[in-house]
Amino acid sequence: MQREVSAIVTQAQFAQQYRQYLETNGILDSAYRLQKQPDGSVALPVLCSKLSQLHLLNLCDIVAPGSTCTFTQMKNPISSKKSSVKSCHQQLQEELFELVKLNGLLWNDQLTHDLPQVWKRHGDMIVLNEGAFQADIWKTLEPEVWMVVANALRVKRIAKAGRVSADGFRTPKVTLLLGDDAWVHHIDNGIRYTFDVTKCMFSSGNITEKLRISSLDCTGEVVVDLYAGIGYFTLPFLMHAGAAFVHACEWNPHAVAALVKNLELNKMSHRCRIHKSDNRQLLLRNLADRVNLGLIPSSEEGWPIACQLLREDRGGILYIHHNISLYAENRDAAFDRKNLDGGPCKEQQQNLTAMLPASCTERTKSDSDSTTPAFTYSFKKGAAEESILNSRWKGPDNRLKVKTNCGTPCEKRTFTHPEWQTWAESVALRIKNLLETLHKKPWRTNILHIEHVKSYAPHIDHVVLDLECRPCDENEYPVSPALFTQR
């Protein structure tokens, strides 16, 4: 029995123009292919219900003046590739339906909703999300069900993710459902990674930040990656940003094992040293042009060591990761720029200062607070309580004209969310205080950029602050540097 579908026939030279128009307006029947006619013309299958008689009469003038078009019935149409190829989701549901039926069970809507809509693919393995396959029926069908899933999704191994462990290593709770080996291979921006999915995390959501790091020019520079993991940022700094050398700090032994392999895979071992311990015990200092603090929800515990690592003669740039809540009641006390010297924020600054080397904090207390260097205290009091946080004014192009910590003018961007700006300004001042306590001389900090990496529901933003930290020149000192050595 012959099948027929409605079609419009036009000259071959106008076929693509007709196809584009019909497709854009929802008239083209994508279930079938275009078909060449014996006279050289082309028939385009259409949805008759979407094409009115009036539309057909005016079609030639609308689409391609000078063309002709006629309405016909196309016999024995050929199915398009798009309609003949089932999606992974369709294939998965059909094969699981047959498995359930074969075992004498009934399929229901709950099972349909229980199927995964998204998953992570790492080579021949997929990692299902936590919410998939929750129904009890799937346990009764193991291990056949995982073999069916693997076949439908064209992989050999299957794992299922859980919540991240609160063990200090952020170990993922991932269960291997099919397969004997949990090590996978992944290529990201030309960089090869290998890791054990049950022991190490890999966040594909950070790709924009990895690309941004890759675009930096770090030629000839030394970088310290304080939370290296398997090399998410260590390798982009080395391979794309051109860093001369990277010190990678990581205390998770499973991540260290992966990092060693990844450096070897990408032939970067000779330009990287791995420090396998708690970075707060790191003995390095005065060597870094850039320090990456890629830990969320907060990298605050790494601020003192980051300050210690920056070069004393010219400073450098810190990349500070943080999760910011857009709900006022959930905001950290450190965001309160008006009360930096009081309450919880004061206590936090005291804790950070206590993490600096003891030799840097041995000085007699003056009238100023022990966590605030004499320079900072004098500057705030002597300048009618003005600081980098409140001496700004809005200039053209939505930029802020401010005085730096050393008193020199510069321009800063304003950002989409005031919460970002507030947090960044608080961090800039607190890092400045740490640097001045450490080095006993004035430093300035400058907010270069705030990068939005991704958002979590409800209303939590993962951002990265690019903070420039430089020692002040002598002619920039607003007060005598001798205040730093007063006893």
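Pairing is mixed across the open sheet formed by seven strands, whose spatial order is E13-E12-E11-E14-E15-E20-E19. If you trace the sheet from one side to the other, it starts and ends with strand E13 (272-275) and strand E19 (443-456), each paired once. Each adjacent strand pair in this sheet contributes to an overall mean axis angle of 20 degrees, direction not counted. In this structure, strand E11 (residues 222-225) lies alongside strand E14 (residues 290-293), joined through three bridges in parallel fashion. When the sheet's bridge partners are listed, Val224 is paired in E14 with Val291. Each of strand E12 (245-249) and E13 is contacted by helix H10 (residues 253-265), which is oriented at about 175 degrees to E13, the strand it contacts most. Contacts from helix H15 (residues 418-439) reach strand E15 (316-325), E19 and strand E20 (460-471) within the one sheet, and its direction differs from that of E19 by about 140 degrees.

Every second residue of strand E6 (residues 125-128) is oriented toward a common face, with Met125 and Val127 on one face and Ile126 and Leu128 on the other, all of them buried. Looking at chain direction, strand E5 (residues 119-122) and E6 are connected through four bridges and run antiparallel. Across the sheet, residue Lys120 finds its bridge partner in E6, namely Val127. From the end of E5 to the start of E6, which pair antiparallel, there are two residues, and Gly123 there has a positive phi angle of about 60 degrees.

Before going further, it helps to spend a moment on the confidence of the model for the chain. Overall, the predicted model of the chain reaches an average pLDDT of 80, with 74% of residues at or above 70. In the model, residues 330-344 has pLDDT below 50 throughout and makes 30 contacts with residues more than four positions away in sequence or in other chains. pLDDT under 50 marks residues 361-414. Its contacts with residues more than four places away, or in other chains, come to 109 contacts.

So, on to H15. Structural remark: α-helix, 3.6 residues per turn; residues separated by three or four positions point the same way. Across its 22 residues, H15 extends 32 Å between first and last C-alpha, which sits within 8% of the 32 Å expected from 1.5 Å per residue. Judged by how many residues are buried, H15 sits mostly within the fold: 21 of 22 residues are covered. A positive backbone phi angle near 55 degrees is found at Lys440, which sits one or two residues after H15.

With that out of the way, let us pick up the pairing of strand E10 (residues 191-196). The element E10 is largely enclosed, with a buried count of five among its six residues. Both strand E9 (residues 183-188) and E10 contribute to a ladder of six bridges, which runs antiparallel. The residue of E10 that forms the bridge with Val184 is Phe195. Remark: two residues form the turn of the hairpin made by E9 and E10, two consecutive strands paired antiparallel; Asn189 in that turn has positive phi of roughly 55 degrees.

What the four strands build is an open sheet, ordered E2-E3-E1-E4; its pairing is antiparallel. Among the strands making up the open sheet, the edge pair consists of strand E2 (35-36) and strand E4 (69-75). Here two bridges tie E2 to strand E3 (residues 42-45), and the two strands are oriented antiparallel to one another. Bridging from a neighbouring strand, Gln35 pairs with Ala43 of E3. Contacting strand E1 (4-10), E3 and E4, helix H1 (residues 15-24) runs over the sheet at an angle of about 5 degrees to E3.

Here is what the cut-offs are and how they apply
Residues numbered from 1 in each chain as written. Predicted model: local features only at pLDDT ≥ 70, side-chain atom pairs only at ≥ 80, totals over all residues. Heavy atoms only, no water. Pairing = 2+ DSSP bridges. Helix = DSSP H or I, 4+ residues; strand = E, 2+ residues; numbered from the N terminus. Axes fitted to C-alpha atoms, helices over the stretch in contact; angles between N-to-C directions. Contact = heavy atoms within 4.5 Å. Buried < 20%, exposed > 50% of the residue type's maximum accessible area, 1.4 Å probe, protein only. pLDDT = per-residue confidence, 0-100. Expected span 1.5 Å × (residues − 1).

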